[in-house]
Amino acid sequence: MTTIHILGSGTPAPTHDRFGSSYVIDTGESMVMLDCGPGATAKAAMAGIDVTAIDAVFLTHHHYDHSVDLPCMLMTRWDHEVPGSEPMRIHGPAPTVDLVDGITGVKGIFRHDVRARSEHPSSQRIYQMRGGSLPRPEPRWNTSDLEPGSVVKGNGWTVTAARAAHVQPFHESLAYRFDTAETSIVITGDTARCSEVTELAKGADTMLCCCWDHHDGDDQIDECVAEGMVGNMCGPEDAALMATEAGVTRLVLVHHTPSVAQPGPAARALEIAQENFSGEVIFAHEGLRIEDLATAHSSAR
Ligand SMILES: [Zn+2]
């Protein structure tokens, strides 16, 4: 059974219950993190997820509310994973490879700690007590920059990328479709209503779509790569219209501003989405686990 963990369902605005974006899909055989926003590593641990067992991290784009916890994730993985483990995958639009190298590479900002934990005798003893042998291996990652149309295959899953309409040309932004033999899940990342994301989501079981606030764009952006396009996001209406056009079974509204996350506005967002989409709608909160596609319940909070 596949489980979706909503670890981060907020924006750059920190509140007591929402901050940034991060989700983990657990297929039972493999765990994949989508986005690594503020506190993602800690939130995963608090959700009972073994961080050292996450096989891959996919970043939708490089706004910090989607990627800023990557240093914590990488250092935690390198320091705590079972010696000899397969390198964790990190994929996303450019400059994902440079970002990873800039954290643990030879000139990385955490290089000083890689060196300290590799060379100080007490750190070496701790590493040996965990079953490792010296010299301590370098951080190793399976990393690549993705583009729209990129396909990545993992342990029982396939991830397909499509361009999302967000803040190009400053950041390339990707939506991902996660397919297994059991289910298909789309994570839109930050996007306006967009034909390329709708096409990616065609027939998916579950679509996690940003729901920034109650405001939606006036027109669908048919060409997501429109030159000079300004940043844009979905509200509940555009999220629901994309879900309807794609024919998905379930819509999960994520990435909420503090204002839309208030009980009254959240209920209104749910109502607007339900007026425009006949399937199940969930207004997500952090810590939510969607454990079974057939039995999850709609909720507003
Ligand atoms: Zn963004």
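Residues numbered from 1 in each chain as written. Predicted model: local features only at pLDDT ≥ 70, side-chain atom pairs only at ≥ 80, totals over all residues. Heavy atoms only, no water.

1. Points about the coordination of the zinc ion
Note on metal sites: the ideal angle is 109.5 degrees for four tetrahedral donors, and 90 or 180 degrees for six octahedral donors. The protein atoms donating to the zinc ion are His61 (NE2), His63 (ND1), His166 (NE2) and Asp190 (OD), with metal-donor distances spanning 2.1 to 2.2 Å. Around the zinc ion, the four donor atoms sit at angles spanning 94 to 165°, and that spread fits a shape best called irregular. (Donors = N, O, S within 2.8 Å, 3.2 Å for Na, K, Ca; no water. Tetrahedral: all angles 85-135°; square planar, octahedral: opposite > 155°, others 65-115°.)

2. A word on the packing of aromatic side chains
Geometrically, a pair of aromatic rings is defined through the distance of the ring centres and the angle of the planes. One pass over the full model with this rule turns up three aromatic pairs. Plain terms: the ring middles of Phe58 and Trp157 are 5.9 Å apart, the flat faces sit at 80° to each other, and that makes the pair edge-to-face. Separated by 99 residues along the polypeptide, Phe58 in strand E4 (residues 54-58) and Trp157 in the loop between strand E7 (151-153) and strand E8 (158-163) bring together distant segments of the chain. According to the relative accessible area criterion, Phe58 is buried, its value standing at 0%. Seen from their ring centres, Phe58 and Tyr176 are 5.3 Å apart, and the 65° between their planes marks the pair as edge-to-face. Here the residue Phe58 occupies a position in strand E4, and Tyr176 occupies one in strand E9 (residues 174-179), the gap between them amounting to 118 residues. For Tyr176, a relative accessible area of 1% puts it in the buried group. Site record: aromatic cluster; members linked through ring pairs are Phe58, Trp157, Tyr176 and Phe178. (Phe/Tyr/Trp six-rings, centres within 6.5 Å; stacked < 30°, edge-to-face > 60°. Helix = DSSP H or I, 4+ residues; strand = E, 2+ residues; numbered from the N terminus. Buried < 20%, exposed > 50% of the residue type's maximum accessible area, 1.4 Å probe, protein only.)

3. Focus: the nonpolar core
Ranked by internal contacts, the top residues of the largest apolar core, which has 33 residues, are Met207, Val248, Leu251 and Leu253. Secondary-structure elements contributing two or more residues to this core are helix H7 (195-200), strand E11 (206-210), helix H8 (236-246), strand E12 (250-254), helix H9 (263-276) and strand E13 (280-283). Ranked by residue count, the leading element in this core is H8, at five residues. Every residue in contact with Met207, bar those within four places of it in the chain, is listed here: Val186, Thr188, Ala201, Ala239, Met242, Ala243, Val248, Arg250, Leu251 and Val252. (Core = buried A, V, L, I, M, F, W, Y, C linked by side-chain atoms within 4.5 Å. Contact = heavy atoms within 4.5 Å.)

4. As for the sheet that holds E8
Read across the sheet, seven strands follow the order E7-E8-E9-E10-E11-E12-E13 without closing on themselves; strand pairing throughout is mixed. Unpaired on one side and paired on the other, E7 and E13 mark the two borders of the sheet. Each neighbouring strand pair of the sheet contributes to a mean axis angle of 15°, computed without reference to strand direction. The pairing of E9 with strand E10 (residues 184-187) spans four bridges and is classified as antiparallel. Bridge pairing in E10 links Asp179 to Ser184. Sitting on the sheet, H8 is in contact with E11 and E12, with an inclination near 155° to E11. Sheet contacts for H9: E12 and E13; angle to E13, the most-contacted strand, approximately 160°. (Pairing = 2+ DSSP bridges. Axes fitted to C-alpha atoms, helices over the stretch in contact; angles between N-to-C directions.)

5. Things to note about helix H5 (residues 111-119)
Taken together, the buried positions of H5 are Arg111, Asp113, Val114 and Ser118. Down the axis of H5, the smallest arc covering the buried residues is 165°, so these residues share one side. Among the structural elements, helix H3 (70-80), helix H4 (96-104) and helix H6 (121-129) are those in contact with the buried residues of H5. (Arc of directions from axis to C-beta.)

6. Thoughts on the pattern of salt bridges
If you walk through the whole model with that rule in mind, you get 17 salt bridges. One salt bridge in this structure joins Arg117 and Asp79, with 3.5 Å as the shortest N-O distance. Taken together, the residues Arg117 in helix H5 and Asp79 in helix H3 connect sequence positions 38 residues apart. Taking relative accessible area as the criterion, Arg117 reaches 31% and is therefore assigned partly exposed. Across the salt bridge formed by Glu119 and Arg115, the nearest N and O atoms sit 3.3 Å from each other. Here Glu119 pairs with Arg115, and both are found in helix H5, just four residues apart, close to one helical turn. (Salt bridge = Lys/Arg side-chain N within 4 Å of Asp/Glu carboxyl O.)

7. Considering unusual backbone geometry
Cis geometry marks the peptide bond from Ala94 to Pro95, where omega comes out at 10°. At Asp35, a residue that is not glycine, the phi angle is positive and equals roughly 70°. Its identity as a non-glycine residue notwithstanding, His255 has a phi of 60°, on the positive side. Note on placement: His255 falls in the loop between E12 and H9. The class for His255 is buried, based on a relative accessible area of 1%.

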